[in-house]
Amino acid sequence: MNHLASSPLQGSCTLVGAGPGDPELLTLKAVKAIQAATVLLVDDLVNDEIVSAYARPDARIVHVGKRGGCKSTPQSFIEKLMITAVREGEHVVRLKGGDPFIFGRGGEEVEHLREEGIECAVVNGITAGLAAVTALGVPLTHRDHAQGVVFVTGHAKTGHAATEHPTDWRALAATARDARLTLVIYMGITGAHHIQQELLHGLAADTPVLVVQHASLAHQRQLTTTLGRLANDLAQEGFGSPAVIVVGDVVRGAAAVDAELPRRLANGD
Ligand code: SAH
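Computed from a prediction, not measured in an experiment: that's the story for all the values here.

Draft legend 1. Region of the structure containing the pattern of salt bridges. Scanning all chains against the criterion turns up 10 salt bridges. Salt-bridge contacts for Arg56 lead to Asp58; the nearest nitrogen and oxygen are separated by 3.1 Å. Among the residues examined, Asp58 registers a relative accessible area of 57% and is labelled exposed. Put simply, Arg177 and Asp178 hold a salt bridge, and the shortest N to O gap is 2.9 Å.

Laid out in structure tokens, this is it:
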């Protein structure tokens, strides 16, 4: 059975990964789900072009982002909206940047909807960390440089739980060094100085680092630096969100990359 299908009496709910930005990086399944949606709840990292290209003209589109000076829509409100709409028979698509299950709170939404008796289908998207390095021709694993990858958030949940379980950057640095792992840090720009200082307890100051902002979009920017210079260079170059920080020897290949490549790829020349 096609998991996007549902009974005519009850609506459906699908969490869809919109990828890092470039509409051509959407999956076919994502496009089909967006085209079938009667209600679309759109996160702020989703490229508007995707919604204008594929949403039905009569679809109800709700932007639930944090940007543009607006406050973020509370998670509980978004979930209530989804539950109500599904019960009214709507085909609800929750469109999230990248992959819905990588730092997208997709797991929480699926759990909360399940508690209400609603099963959500999930459509993968290309996560930003993957797109960021690929756009520069850099692999995340390499037999000579990295045996694996860690996707980690630089911004743990705030509140009580975060103080009990802060990310142990020192342990992560030691593991990355000993097991030869690439670190892909999401939401790490604000905390870059702290992350850098902690990682330096286990990784050398000359460990290569790549930062990619707006990966896969025409205005993509990248910076190659070292762990020792990271926070300084970020401040100097004025890098902000959304960006991923990639730490490890695989990044060495990025220095050789033509800085004009992303622009030319986006322009198709
Ligand atoms: N679910 C998303 C991640 C959401 S968390 C995914 O799978 O990609 C938000 C963080 O993702 C941002 O702070 C940034 O670190 C990263 N991110 C999202 N889109 C990005 C992009 N186009 N370029 C670089 N980083 C991006």
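Draft legend 2. Structural view of the sheet that holds strand β1 (residues 12-17). Here we have five strands laid out as an open sheet, ordered β3-β2-β4-β1-β5, and parallel in their pairing. Edge positions in the open sheet fall to β3 (60-63) and β5 (120-123), since each of these has one partner strand only. Taken pair by pair, the neighbouring strands of this sheet meet at an average axis angle of 20°, ignoring direction. Bridging between strand β2 (residues 39-42) and β3 involves four bridges; their strand directions are parallel. By the bridge assignment, Leu40 is partnered in β3 with Ile61. The sheet contacts of helix α1 (residues 28-36) involve β1, β2, β4 (91-96) and β5, and relative to β1 the element is tilted by about 135°. Helix α3 (residues 75-87) contacts β1, β2, β3 and β4 of the sheet and is inclined by roughly 150° relative to β4.

Draft legend 3. Quick peek at the environment of Val51. Among the structural elements, Val51 can be located in helix α2 (residues 48-54). Of the residues examined, Val51 reaches a relative accessible area of 8% and is grouped as buried. Each residue touching Val51, except ones within four places of it in the same chain, is listed here: Val42, Ile61 and Leu95.

Draft legend 4. Local environment of the packing of helix α8 (residues 192-199) against helix α9 (residues 230-237). In contact at an axis separation of 8 Å, α8 and α9 are set at 160° when each is read in the N-to-C sense. It follows from the interaxial angle that α8 and α9 lie roughly antiparallel. When the axes of α8 and α9 are compared, the crossing they make is right-handed. The residues of α9 that touch α8, namely those facing Ala192, His193 and Gln196, are Leu230, Ala231 and Leu234. Considered class by class, the residues forming the contact of α8 with α9 number four nonpolar, two polar and no charged.

Conventions used here
- Residues numbered from 1 in each chain as written.
- Predicted model: local features only at pLDDT ≥ 70, side-chain atom pairs only at ≥ 80, totals over all residues.
- Heavy atoms only, no water.
- Salt bridge = Lys/Arg side-chain N within 4 Å of Asp/Glu carboxyl O.
- Buried < 20%, exposed > 50% of the residue type's maximum accessible area, 1.4 Å probe, protein only.
- Pairing = 2+ DSSP bridges.
- Helix = DSSP H or I, 4+ residues; strand = E, 2+ residues; numbered from the N terminus.
- Axes fitted to C-alpha atoms, helices over the stretch in contact; angles between N-to-C directions.
- Contact = heavy atoms within 4.5 Å.
- Parallel < 35°, antiparallel > 145°, perpendicular 65-115°, else oblique.
- Left-handed = near helix turned anticlockwise from the far one by under 90°.
- Nonpolar A, V, L, I, M, F, W, Y, C, P; charged D, E, K, R; others polar.

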